[in-house]
Amino acid sequence: MADLVLSRGLINGEWIEAIDGKYVDVINPSTGQVITSVPDMGEKESEAAVMAAYNAFQDWRSTTAKYRAGLMKKWFDLIVEHADQLAKLLTTEQGKPYKEAYGEVLYGASFIEWFAEEAKRVYGDVIPAANPHNRYMTMKQPIGVVTAITPWNFPVAMITRKVGPALAAGCTVVIKPGEDTPLCALAMAKLAELAGIPNGVINVVTTARPSVVGNVLCSHPLVRKVSFTGSTAVGKLILRQAADTVKKVSLELGGNAPFIVFDDADIDKAVLGAVISKYRNAGQTCVCTNRFYIHEKVYDEFMDKFTRAVQALSIGDGLHDGTDIGPLINQKAMDKVSALVTTAIEQGATLVLGGECSEYGRQFYKPTILADVTENMAIAHEELFGPIATVFRFRDEEDVIRRANDTPYGLAAYFYTRDHAKVWRMSEALEYGILGINEGIISTEVAPFGGVKESGSGREGSKYGIDDYLEIKYLCHGI
Ligand code: SIN
């Protein structure tokens with residue numbers, strides 16, 4: 001088994017320190033203890049990483065898809081072989097329960113396997129010509145150097161969801177992992193190295209100064225594509241930085257997911273979906289439910305069952321058996337969640353459960369339910385990113401569609417009903433990129449993940465996920 005706790009960044013196949021020798025601590029959010037330190041890299045290292053990726057691209061782009069797929073399959077096998085070790089590292093630096101971390105490692109690995117297979121299916125076209133003297137064709141080519149800026153909430157899977165299609169297409173990458181969770185990124189890069197992926201194809205820049213590194217990686221003329229997962233505010237900044245050199249940009253940004261339960265729904269199923277879609281990763285995912293809309297006829301039944309299910313969740317260190325809810329990522333996240341709840345209660349929401357820090361530790365927030373929430377409260381419009389359920393009542397379909405869509409976000413939405421006609425009406429009316437219909441977990445490598453409106457652009461995973469890493473070239477051949 002490889003040692004996967006690494007304390008150096010990776011540029012051009014070399015595991016290096018920051019030029020000025022500065023380090024930044026990586027903290028376990030459950031215990032507050034330092035796990036290790038990683039280099040606090042800046043502008044110069046970011047430029048070196050881009051150059052390394054650019055040089056490596058010259059050879060990598062002309063390898064065959066079969067060759068790249070073979071290396072990626074080896075990488076996939078190594079990730080699966082080290083799944084337990086990676087999951088423990090993930091829980092230690094990010095906090096999510098081990099069972100979720102293990103699930104994330106396998107989910108992350110699935111993108112490498114999937115795109116290794118897709119690499120061999122990047123086809124061009126022969127197009128019927130518009131005149132007898134020409135023949136038309138298209139070919140698809142790798143776009144070039146890719147910057148992958150990844151978040152702390154999925155430190156493995158958000159890397160593979162970007163690096164998988166990039167490598168499959170023939171691109172090379174510079175990864176800037178989330179400041180709180182660089183260790184999984186380094187571990188994944190180590191396994192890629194062991195799989196034989198050539199030097200410079202994957203580079204990792206660790207930093208405590210994301211704006212300095214991000215600015216180089218999103219504006220450097222040799223970078224041709226930026227893929228970012230994170231907040232809408234940072235996504236907008238990245239779009240601006242990438243504009244001057246007209247880079248292709250994929251953004252997977254914030255959400256404000258509604259979860260609608262109609263009066264004809266299977267309530268037990270809805271409760272199960274509600275718990276998983278809300279409290280997974282302590283509510284820290286972009287697709288976590290933000291707003292529950294419950295039909296007034298089933299409101300009491302749903303609330304009674306939902307409250308009992310949430311009460312049964314156990315808080316603790318993710319490495320302990322039976323933990324359902326781990327810590328929030330840092331103190332800033334904790335402060336934000338506490339402030340949102342306090343303000344909502346001041347504005348008239350009813351506290352049903354939780355609403356305070358757990359006795360388990362200062363970064364653990366109790367799973368919380370707020371009822372009687374209305375749209376004029378600030379909490380209805382914020383991405384919560386914490387274990388807080390806000391519950392609204394509704395009476396009719398048209399009204400709930402209008403309220404669900406009344407947000408600048410459009411990533412995921414969920415609804416529960418047994419009426420098939422209603423399924424189609426809702427599916428067409430909801431302005432979201434992903435719908436969970438009688439289902440609270442929607443993520444898989446085989447389906448397209450992405451949002452509309454201010455939740456982003458582009459799709460990750462699925463047969464569409466490789467398109468963002470390819471350019472289409474049109475060949476007009478005169479004969
Ligand atoms: C995210 O929160 O950004 C990703 C969630 C997922 O892939 O399920």
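Since this is a predicted model, take the numbers as computed values, not measurements.

Caption draft 1: Local environment of the sheet that holds strand β13 (residues 289-295). Overall, mixed pairing links the 7 strands, which are arranged β14-β15-β16-β13-β12-β17-β18 in an open sheet. Of all the strands in the sheet, the pair left with one neighbour each is β14 (350-353) and β18 (434-437). Taking the axes of each pair of neighbouring strands and ignoring which way they run, one obtains an average angle of 25° across the sheet. Sheet topology places β13 next to strand β16 (residues 388-394); 5 bridges connect them, and they run parallel. What sits directly across from Ile294, in β16, is Arg393. In this fold helix α11 (residues 331-346) packs onto β14, β15 (368-371) and β16, with an angle of close to 25° to the strand it touches most, β15.

Caption draft 2: Representation of the site of the ligand within the structure. Around the ligand, a shell composed of Tyr107, Asn153, Phe154, Met158, Arg161, Thr229, Glu252, Arg280, Thr285, Cys286, Ser443 and Phe449 is seen. Taking Tyr107, its side chain carries an N or O atom lying 2.8 Å from an oxygen atom of the ligand. Within the contact set of the ligand, an oxygen atom lies 3.0 Å away from a side-chain nitrogen or oxygen of Arg161. Within the complex, the protein chains bury 100% of what would otherwise be the 250 Å² of accessible surface of the ligand. Each of domain 1 (9-253 + 455-478) and domain 2 (257-437) gives at least three residues to the shell around the ligand.

Caption draft 3: Structural context of the side chain of Lys96. With respect to the secondary-structure elements, Lys96 resides in the loop between α3 (83-94) and α4 (98-119). Its relative accessible area of 3% is what places Lys96 among the buried residues.

Caption draft 4: Looking closely at the UniProt feature "active site" (unreviewed entry) in the protein. UniProt records the feature "active site" (unreviewed entry) for Glu252 in the present numbering. Mapped onto the elements, Glu252 comes out in strand β11 (residues 248-252). Setting aside chain neighbours within four positions, we find Glu252 in contact with Met158, Arg161, Phe228, Thr229, Gly230, Cys286, Leu411, Phe449, Ser455 and Glu460. Of the polar contacts made by the side chain of Glu252, one reaches the side chain of Arg161; its length is 3.0 Å.

Caption draft 5: Main features of the domain arrangement of the protein. Segmentation of the protein into domains returns domain 1 (9-253 + 455-478) and domain 2 (257-437). The straight-line distance from the C-alpha centre of domain 1 to that of domain 2 is 31 Å. At the junction of the two partners, domain 1 supplies 24 residues and domain 2 supplies 24 residues. Linking domain 1 with domain 2 are 1 salt bridge. The shortest N-O distance in the salt bridge between Lys99 and Asp324 comes to 2.9 Å. Elements with a contribution of two residues or more to the side of domain 1 that touches domain 2: α3 and α4. Ranked by residues supplied to the side of domain 1 that touches domain 2, first place goes to α3 with 5 residues. Split by residue class, the side of domain 1 that touches domain 2 holds 6 nonpolar, 10 polar and 8 charged.

Caption draft 6: Geometry of the pattern of salt bridges. Per the counting criterion, the structure on display carries 27 salt bridges. With a closest N to O distance of 3.4 Å, Arg8 and Glu17 form a salt bridge. Note on Arg8: relative accessible area 37%, which makes it partly exposed. The partner of Lys236 in a salt bridge is Glu454, with the nearest N and O atoms 2.9 Å apart. Residue Lys236 is found in helix α8 (residues 232-243), and its partner Glu454 is found in the loop between β18 and β19 (456-457); the two are separated by 218 residues along the sequence. Residues joined in a network through salt bridges with shared partners are Arg161, Lys162, Glu252 and Glu460.

Caption draft 7: Geometry of the UniProt feature "domain: Aldehyde dehydrogenase" (unreviewed entry) in the protein. When the UniProt feature table is mapped to this numbering, "domain: Aldehyde dehydrogenase" (unreviewed entry) covers residues 15-474. Its end C-alpha atoms 41 Å apart, residues 15-474 is made of 39% helix and 20% strand.

Caption draft 8: Quick look at the state of the cysteines. Summed over the entire model, instances satisfying the criterion amount to 0 disulfides. In this structure Cys286 is a free cysteine whose sulfur lies 8.7 Å from that of Cys288, the closest cysteine sulfur available. No disulfide involves Cys357; its sulfur sits 20 Å from that of Cys288, the nearest cysteine.

Caption draft 9: Highlighting the environment of Asp468. With respect to the helices and strands, the residue Asp468 is situated in the loop between β19 and β20 (470-478). Taking C-alpha positions, Asp468 is 8.4 Å from Lys225, a pair spaced 243 residues apart along the chain. In this structure Asp468 touches Ile143, Lys225, Lys248, Ser250, Gly458 and Arg459, once residues within four positions along its chain are discounted.

Caption draft 10: Molecular detail of α11. Compared with an ideal rise of 1.5 Å per residue, which puts 16 residues at 22 Å, α11 spans 22 Å between its outermost C-alpha atoms and is within 8% of the ideal. For α11, every residue scored as buried is listed here: Ala333, Met334, Val337, Leu340, Val341 and Ala344. The buried residues of α11 occupy one face: seen down the axis, they fall within an arc of 130°. α11 presents Lys332 and Glu346 as exposed residues on the side facing more than 90 degrees away from its buried surface. Considering only its buried residues, α11 is in contact with β15 and β16. Looking one or two residues past α11, Gly348 carries a phi angle of roughly 115°, positive in sign.

Conventions and cut-offs
- Residues numbered from 1 in each chain as written.
- Predicted model: local features only at pLDDT ≥ 70, side-chain atom pairs only at ≥ 80, totals over all residues.
- Heavy atoms only, no water.
- Pairing = 2+ DSSP bridges.
- Helix = DSSP H or I, 4+ residues; strand = E, 2+ residues; numbered from the N terminus.
- Axes fitted to C-alpha atoms, helices over the stretch in contact; angles between N-to-C directions.
- Contact = heavy atoms within 4.5 Å.
- Near = heavy atom within 4 Å.
- Polar contact = N/O pair within 3.5 Å; in protein donor to acceptor, adjacent residues only side chain to side chain.
- Areas by Shrake-Rupley, 256 points an atom, 1.4 Å probe, with all protein chains shown as cover.
- Domains from an automatic or database assignment.
- Buried < 20%, exposed > 50% of the residue type's maximum accessible area, 1.4 Å probe, protein only.
- UniProt positions renumbered as here; feature names shortened; annotations may be inferred.
- Salt bridge = Lys/Arg side-chain N within 4 Å of Asp/Glu carboxyl O.
- Nonpolar A, V, L, I, M, F, W, Y, C, P; charged D, E, K, R; others polar.
- Disulfide = S-S within 2.5 Å.
- Expected span 1.5 Å × (residues − 1).
- Arc of directions from axis to C-beta.

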